[in-house]
Structure formats: structure tokens, C-alpha cells
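So you can see what is in the structure, the chains are spelled out below.
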Amino acid sequence: MARVRCDITMSLDGFIAGPSPTLEKPLGEGGERLHEWLYGLESFRRHHGLSGGTTNADSDVLEEAMDGVGASVMGRRMFSGGAGPWDEDPRADGWWGDDPPFHTPVFVVTHHPRETLVKEGGTSFVFVTGGAAAALEQARAAAGDKDVAVAGGASVLQQLLGAGLVDELQFHVAPLFLGGGTRLFGALDRGVVDLECTRVIQSPSVTHLRYRIVK
């Protein structure tokens, strides 16, 4: 059965971005360190059009996370870092250039409508003004019998979790403290989500924790 799932990297103290994010540093101060475990992996490099890389348990986990995804949902800030009208956004076409690594439709939650943006490699960005749940509904239709990935950021994930619309969470916990920034669960009501741990995989670079959401 198709699932709605989220894979996201966070620090040991619960942040998915560091303090003071800017367009030049969208992950904030020190936030780029969160993803250092990814960059040398064969599966990461392949999905970004690069050759080589390390094949290990971390690469296998990443490959599994990307496999079977038919569509994604993300927030406006994750897409471009902006918040206002599109003609005022210096990164209105997103962070990823002409050939983003998604290769499927991506539904972007925004307050500002615009036409669908079609990129190379099968990626298209569809802009949804009806909220996170509406974006997820469209993503489910586009994904068919494949999974929907909730790509982030924190606000979109919290909205979907709070509405009981997520089936699985996988956290990639980087062994570092950011001390501040964007908390993954900062605004989520206590007791709204009941989790069952289904897998733990450890490596020197990161710990992968997978949870099923009990409904």
C-alpha cells in the first residue's frame, strides 16, 4: 500500500537548520554540517548526476528512502527560501538548477499562486495555495500506487502530522549540536502522534531511526 513518509536529517538536539538562515546559507549557521553524511554516498551522487561514491549501509538507507517515491510535498521556504510574491523572490525557480534530483512531481505549499514549473529529468513543481493537506491530496493522485515523500520543512511536516496524514517517519540523526535554529517539532502538540520504532541503523556518521505512526 502506498505510504506518506518523511525522511529528514536533524541534529542531536533536534534542529533541522541552524540559526540565522539567509539566501546564501539557507540551512543557517552550521546547518550544512547536518548533511555531510550524504555527500560522498554513491546513491546521493547518482541521483544528482554524479559518478563514484561510497557504497555502505548509509548509502543503502538513502537509496531505500528515494526508491518508490511517486511525488513529493514541500513548503515554500524549502523550495526557494522566499516568502512573498514570486516576482520578488531571487530564487523563484528553486535551489536545484535545471535538473533537480526529484524526477517526479513536487507539490509546493505557498500563499502565492503561479503556473507549474517544469524542469528536466521528470521534475515538475506544482504550486498549491490550499494548504499542506490539499498539496498532499494532489501528490497522492499524482503518485498513484507509489509513496508520497514529505520533503519538509518543519511547518509542513507538523501540519500533516497533526492532521494524522503521515504513515512513517525516518530521522537521520547527525552527531552534532547546533544549539539553535529550526526545530523539527517545535510547534507540534504533545500527544498528537503515537510512534512505534521499527528499525535502528547506526554508522559513525549518522544514526537512522525509523518509526511507524500508530493510527
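Read on for an overview of the structure. None of the values given here were measured: they were computed from a predicted structure.

Focus on the nonpolar core
Counting 31 residues, the largest nonpolar core has Val73, Leu157, Val166, Leu169, Phe171 and Leu184 as its most contacted members. Each residue touching Phe171, except ones within four places of it in the same chain, is listed here: Ile8, Met10, Leu184, Phe185, Thr207, His208, Leu209 and Tyr211. Grouped together as the second largest cluster of nonpolar side chains are eleven residues, Ala92, Phe102, Val106 and Ala151 included.

Focus on helix α5 (residues 132-143)
Helix length check: α5, at twelve residues, gives a terminal C-alpha distance of 16 Å against a target of 16 Å (1.5 Å per residue), a fit within 8%. Among all positions of α5, only Ala132, Ala135, Leu136, Ala139 and Ala143 are buried. Summarising the axial view, the buried residues of α5 lie within an arc of 100°, below the 170-degree limit, and thus occupy one face. Away from its buried face by more than 90 degrees, α5 exposes Glu137 and Ala141. Those residues of α5 that are buried lie in contact with β1 (4-11), β3 (69-75), β4 (105-109), β6 (124-128), β7 (147-152) and α6 (154-162).

Re the pairing of β3
Working note: regular strand, side chains alternate between the two faces of the sheet. Across the seven residues that make up β3, a large majority, seven, are buried. Bridge count for β3 against β7 is five bridges, and the pairing is parallel. By the bridge assignment, Val73 is partnered in β7 with Val150. Pairing analysis gives four bridges linking β3 to β4, with the strands arranged parallel. When the sheet's bridge partners are listed, Gly75 is paired in β4 with Val109.

Brief notes about the sheet that holds β1
Reading across from one edge, β5-β6-β4-β3-β7-β1-β8-β11-β10 is the order of the nine strands in this open sheet, with mixed pairing throughout. The outermost strands of the open sheet, each flanked by one partner alone, are β5 (117-118) and β10 (194-202). As paired strands, β5 and β6 are joined by two bridges and run antiparallel to one another. Considered in β6, the bridge of Leu117 is made with Phe125. Of the strands in this sheet, β1, β3, β8 (168-174), β10 and β11 (207-214) are in contact with helix α3 (residues 57-66), which crosses β10 at around 140°. Its contacts with the sheet put α6 on β1, β3, β4, β7, β8 and β11, and the angle it makes with β7 is roughly 130°.

Some remarks on the pattern of salt bridges
Scanning the entire structure with this criterion turns up twelve salt bridges. Linking Arg199 and Glu64 is a salt bridge whose minimum nitrogen-to-oxygen distance equals 2.7 Å. Placement of the pair is Arg199 in strand β10 and Glu64 in helix α3, with a sequence separation of 135 residues. The partly exposed category is assigned to Glu64, whose relative accessible area is 36%. In this structure, a network of salt bridges that share partners links the residues Arg3, Arg5, Asp7, Asp147 and Glu168.

Let's talk about the environment of Pro90
The residue Pro90 is located in the loop between α4 (76-79) and β4 in this model. The class for Pro90 is exposed, based on a relative accessible area of 63%. As a C-alpha pair, Pro90 and Thr182 span 92 residues in sequence and 22 Å in three-dimensional space.

Some words on the side chain of Glu168
With respect to the helices and strands, Glu168 occurs in strand β8. Residue Glu168 is classed as buried on the basis of its relative accessible area of 14%. Within polar-contact distance, the side chain of Glu168 engages the side chain of Arg3 at 3.0 Å. Those residues in contact with Glu168 that sit more than four places away from it in its chain are Arg3, Val4, Arg5, Cys6, Arg210, Tyr211 and Ile213.

Conventions used here
- Residues numbered from 1 in each chain as written.
- Predicted model: local features only at pLDDT ≥ 70, side-chain atom pairs only at ≥ 80, totals over all residues.
- Heavy atoms only, no water.
- Core = buried A, V, L, I, M, F, W, Y, C linked by side-chain atoms within 4.5 Å.
- Buried < 20%, exposed > 50% of the residue type's maximum accessible area, 1.4 Å probe, protein only.
- Contact = heavy atoms within 4.5 Å.
- Helix = DSSP H or I, 4+ residues; strand = E, 2+ residues; numbered from the N terminus.
- Expected span 1.5 Å × (residues − 1).
- Arc of directions from axis to C-beta.
- Pairing = 2+ DSSP bridges.
- Axes fitted to C-alpha atoms, helices over the stretch in contact; angles between N-to-C directions.
- Salt bridge = Lys/Arg side-chain N within 4 Å of Asp/Glu carboxyl O.
- Polar contact = N/O pair within 3.5 Å; in protein donor to acceptor, adjacent residues only side chain to side chain.

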